[in-house]
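Spelled out, the chains give:
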Amino acid sequence: QVQLVESGGGLVQPGGSLRLSCEASGRVFSIYAMAWYRQAPGKQRAVVAGIFSDGGTNYADSVKGRFTISRDNAKNIVYLQMNSLKPDDTAVYYCSMALVADIADGPKDYWGQGTQVTVSP
């Protein structure tokens, strides 16, 4: 069974940096896309950044130039480097992967449990 385990969240001051990690464990045949989402209190979950099997990336306008998504294909890990953090970045951050665990089933979406990021003086 595939599990996504996130780490790296915490409390940081405005202007600070954090790096989130998300590792897929279990039987993973291939990973197509990886992404980070976030959900702030009272708001819907929204995509922050995505990275595809060809290395292409996209970002929400609110984080362009401040956040960088990357992946380690050998270790099945996706990272989110967050710089110049603002209070508005405070949210629970979730990773998601579209991957094949069983070639007979095809790709499915998996989610991590979420990690809290709080940006506050």
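Each remark here, short or long, concerns the structure printed above.
Attention here is on the structure that accompanies the text.

Conventions adopted
- Residues numbered from 1 in each chain as written.
- Predicted model: local features only at pLDDT ≥ 70, side-chain atom pairs only at ≥ 80, totals over all residues.
- Heavy atoms only, no water.
- Buried < 20%, exposed > 50% of the residue type's maximum accessible area, 1.4 Å probe, protein only.
- Helix = DSSP H or I, 4+ residues; strand = E, 2+ residues; numbered from the N terminus.
- Pairing = 2+ DSSP bridges.
- Phe/Tyr/Trp six-rings, centres within 6.5 Å; stacked < 30°, edge-to-face > 60°.
- Axes fitted to C-alpha atoms, helices over the stretch in contact; angles between N-to-C directions.

### Focus: unusual backbone geometry
- At Asn-76, a position not held by glycine, the phi torsion is positive, near 60°.
- Phi is positive for Ser-84, which is not a glycine, with a value near 50°.

### Regarding the pairing of strand β9 (residues 91-100)
- Across the 10 residues that make up β9, a large majority, nine, are buried.
- Relative to β9, strand β4 (residues 30-39) runs antiparallel, the two sharing nine bridges. Looking across to β9, one finds that Tyr-37 is bridged to Tyr-94.
- Judged from the three bridges that link them, β9 and strand β11 (residues 115-119) form a sheet pairing that is antiparallel.

### Focus on the packing of aromatic side chains
- Applying the stated criterion to the full structure yields one aromatic pair.
- Here Tyr-37 and Trp-111 contribute two aromatic rings whose centre-to-centre distance is 4.8 Å and whose plane-to-plane angle is 55°, an arrangement assigned as tilted. In this pair, Tyr-37 is assigned in strand β4 and Trp-111 in strand β10 (residues 108-111), connecting sequence segments 74 residues apart.
- Looking at Tyr-37, the relative accessible area reads 24%, which means it is partly exposed.

### Things to note about the sheet that holds strand β7 (residues 67-72)
- Reading across from one edge, β1-β3-β8-β7 is the order of the four strands in this open sheet, with antiparallel pairing throughout. Every other strand in the sheet has two partners, leaving β1 (3-7) and β7 as the edge strands with one partner each. Each strand of the sheet is rotated relative to its neighbour by a mean of 15°, with strand direction disregarded.
- As paired strands, strand β3 (residues 18-25) and strand β8 (residues 77-82) are joined by six bridges and run antiparallel to one another.

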